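The lines below spell out each chain.
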Amino acid sequence: MRFRHPDGSTVHLAYCTNVHPAETLDGVLAQLRDHCEPVRRRLGRDRLGIGLWLARDAAHALVTDPSALRGLRTELEHRGLEVVTLNGFPYEGFGAEEVKYRVYQPDWADPERLAHTTDLARVLAQLLPDDVTEGSISTLPLAWRTAYDQERATAAHTALTTLAERLDALHELTGRSLRIGLEPEPGCTVETTRDALAPLTAIGHDRIGICVDTCHLATSFEDPHTALDALAQARVPIVKSQLSAALHAEHPHLPEVRAALAAFDEPRFLHQTRTLTAAGLRGTDDLGEALAGDALPDASPWRAHFHVPLHAAPAAPLTSTLPVLRAALTRLVGGPHPLTRHLEVETYTWQALPPELRPRARAQLVDGIAAELTLARDLLTDLGLKELP
């Protein structure tokens, strides 16, 4: 979906396909047929943006087979879909029964991460619509915090610098300008936007910036205006923003609140949980740890890294951090010029929701994704952006 900002620039809105598990190119093509095109039709749109997730094997197949890449582009056009952004965070296995810590491997100190992201960039340069010259890729925020020493930090810095050089060369070759955004996430080396300032300013290349995920922002209790102002002041480019909402519990000391939270403690994804205390931010790596005894102080609200559907906040006594998303979006695109032109709805946890909230059929998932995009569209038009055909 495209929107005209009052300054005349185009802002793109997509939904991320990492909600649909697929490790191979055939799986990606099936996603387009079974999910993406039906979402477009449900919205009554001639064109729909998708934030494509390509696992390692799918990306490698595309970059080594020009005919396969041409075939994917043709399929996108045939189904009324367009791609200006990729989700390069998960490397493989995102549809596995247990993902947890595996999603952070390989990290930016490992050569595989550079190779994979280079493949993604080469693919994206060929998938961009004819009238679009800028693309974006979100990626792991360096590494999970453990076992990340100075030697690995140096290796990660070198890899990202090499990537920037490759993106420069790709721009000269194709005329397509691609940028990479580190996506701060609780528990990682770069957990907050503040954590991103030092490594990104050290790299000092405008092709390497940040992806602001509003669920992660909220989970870490970052104020959107403060965070985005700091990025602007440091001249760190906001490559893209993922529009998502976290799980919020206002009174985690109450038994009924803990019981409600326990329904979201599931075995597939990691749900880092945080609370803001007088002594600063405290947290656990997963929701189950927070619920076990006194692992996390419960005198103040808790927020958990669980991407809940934007249009459907959990039932009381829980809620979502949609207000944080609204505030961030206002700052991102509500001013005289957009701070980013790539927005992506990223609720990948539909099948990890408590059983009574999960879609029971493909059509229900299509309806849910369409409802999220409708909400995001309404937020954008309320900010003065005009939806384009």
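Parameters at a glance
- Residues numbered from 1 in each chain as written.
- Predicted model: local features only at pLDDT ≥ 70, side-chain atom pairs only at ≥ 80, totals over all residues.
- Heavy atoms only, no water.
- Helix = DSSP H or I, 4+ residues; strand = E, 2+ residues; numbered from the N terminus.
- Expected span 1.5 Å × (residues − 1).
- Buried < 20%, exposed > 50% of the residue type's maximum accessible area, 1.4 Å probe, protein only.
- Arc of directions from axis to C-beta.
- Pairing = 2+ DSSP bridges.
- Axes fitted to C-alpha atoms, helices over the stretch in contact; angles between N-to-C directions.
- Phe/Tyr/Trp six-rings, centres within 6.5 Å; stacked < 30°, edge-to-face > 60°.
- Lys NZ or Arg CZ within 6 Å of the ring centre and 35° of its normal.
- 1 Å grid on protein atoms, 1.4 Å probe; cavity = no way out; pocket = protein on both sides within 12 Å on 5 of 7 lines; lining within 4 Å.
- Points joined across faces, edges and corners; volume = space filled by probe spheres on them.
- Nonpolar A, V, L, I, M, F, W, Y, C, P; charged D, E, K, R; others polar.
- Salt bridge = Lys/Arg side-chain N within 4 Å of Asp/Glu carboxyl O.
- Contact = heavy atoms within 4.5 Å.
- Polar contact = N/O pair within 3.5 Å; in protein donor to acceptor, adjacent residues only side chain to side chain.
- Parallel < 35°, antiparallel > 145°, perpendicular 65-115°, else oblique.

Across its 12 residues, helix α11 (residues 322-333) extends 16 Å between first and last C-alpha, which sits within 8% of the 16 Å expected from 1.5 Å per residue. Those residues of α11 lying buried are L322, V324, L325, A328, L329, L332 and V333. Viewed end-on, α11 has its buried residues packed into an arc of 145 degrees, placing them on one side of the element.

Now for the sheet that holds strand β9 (residues 245-249). An order of β11-β10-β12-β9-β13 is seen for the five strands of this open sheet, with the pairing classed as antiparallel. One side of each edge strand has no neighbouring strand; the edge strands of this open sheet are β11 (280-284) and β13 (318-320). Averaged over all neighbouring strand pairs, the angle between strand axes comes to 30 degrees, with direction disregarded. Pairing geometry for β9 and β13, over three bridges, is antiparallel.

Counted under the stated rule, the structure contains eight aromatic pairs. Taken together, the aromatic side chains of W53, F94, F269 and Y348 make up a single cluster linked through ring pairs. Against the face of F221 rests R303, its NZ or CZ located 4.4 Å from the ring centre.

A few words now on empty space enclosed by the protein. Inspection of the entire model under this criterion finds four cavities of 30 Å³ or more. As a volume, the largest cavity reaches approximately 160 Å³. Residues belonging to the lining of the largest cavity are distributed by class as follows: nine nonpolar, five polar and four charged.

For the rest of this paragraph, the subject is the pattern of salt bridges. Applying the stated rule across the entire model yields 27 salt bridges. We note a salt bridge from E92 to R56, for which the minimum N-O separation is 3.3 Å. Of the two residues, E92 sits in the loop between β4 (81-87) and α4 (111-127) while R56 sits in helix α2 (residues 56-64), which places them 36 residues apart along the sequence. Classification of R56 as partly exposed rests on a relative accessible area of 33%. Among the ionic pairs, D229 bridges to R331, the shortest N-O distance being 2.7 Å. In this pair, D229 sits in helix α8 (residues 224-233) while R331 sits in helix α11, placing the two residues 102 residues apart along the sequence. The exposure class of R331 is partly exposed, given its relative accessible area of 25%. Beyond isolated ion pairs, a larger network of salt bridges with shared partners links E37, R40, R41, E75 and R79.

Bringing the layout of surface pockets into the picture now. Within this model, the largest pocket holds a volume of roughly 470 Å³. If you go around the largest pocket, you meet 26 residues; those closest to its centre are E134, R179, I238, T340 and R341. Looking at the lining of the largest pocket, the elements that each hand over two or more residues are β2 (10-16), β5 (134-139), β6 (177-182), α8 and β8 (238-243). Split into classes, the residues belonging to the lining of the largest pocket amount to 10 nonpolar, nine polar and seven charged. Considered as a void within the structure, the second largest pocket measures approximately 220 Å³ in volume. Forming the boundary of the second largest pocket are 19 residues, of which V19, H20, P21, H35 and L365 lie nearest the centre. Counting only elements with at least two residues in the lining of the second largest pocket, the list comes to α1 (25-43) and α12 (362-382). Among the elements that take part in the lining of the second largest pocket, α1 stands out by supplying five residues, more than any other. A breakdown of the residues in the lining of the second largest pocket according to their chemical character gives nine nonpolar, seven polar and three charged.

Judged by relative accessible area, E92 falls into the partly exposed class, the value being 35%. Along the chain, E92 and R102 lie 10 residues apart, while their C-alpha atoms are 8.9 Å from each other. In contact with E92, other than residues within four places in its own chain, are E23, W53, A55 and R56. Here R56 takes part through its side chain, which lies 3.3 Å from a polar atom of the side chain of E92.

This paragraph deals with the packing of α2 against helix α3 (residues 66-78). Two elements in contact, α2 and α3, have axes whose closest approach is 5 Å; the angle formed by their N-to-C orientations is 110 degrees. Of the possible angle classes, the one that applies to α2 and α3 is roughly perpendicular. Here α2 contributes A61, L62 and T64 to the contact with α3, which in turn contributes P66, A68, L69 and L72. Grouping the constituent residues of the contact of α2 with α3 by class yields six nonpolar, one polar and no charged.

The complete set of buried residues in α2 reads A58, A59 and L62. Projected down its long axis, α2 carries its buried residues within an arc of 95 degrees, all on one side. Tucked inside the fold, the buried residues of α2 contact α1, α3 and α4.

What follows is about unusual backbone geometry. With omega at -10 degrees, the peptide bond leading from Q105 into P106 counts as cis. Its location among the elements puts P106 in the loop between β4 and α4. Of note, the bond from A316 into P317 is cis; its omega dihedral lies within 30 degrees of zero at 15 degrees. Residues other than glycine seldom take positive phi values, yet L142 does so here, at roughly 75 degrees. Taking relative accessible area as the criterion, L142 reaches 7% and is therefore assigned buried.

Everything listed here is a matter of coordinates, which is why it stays silent on function.
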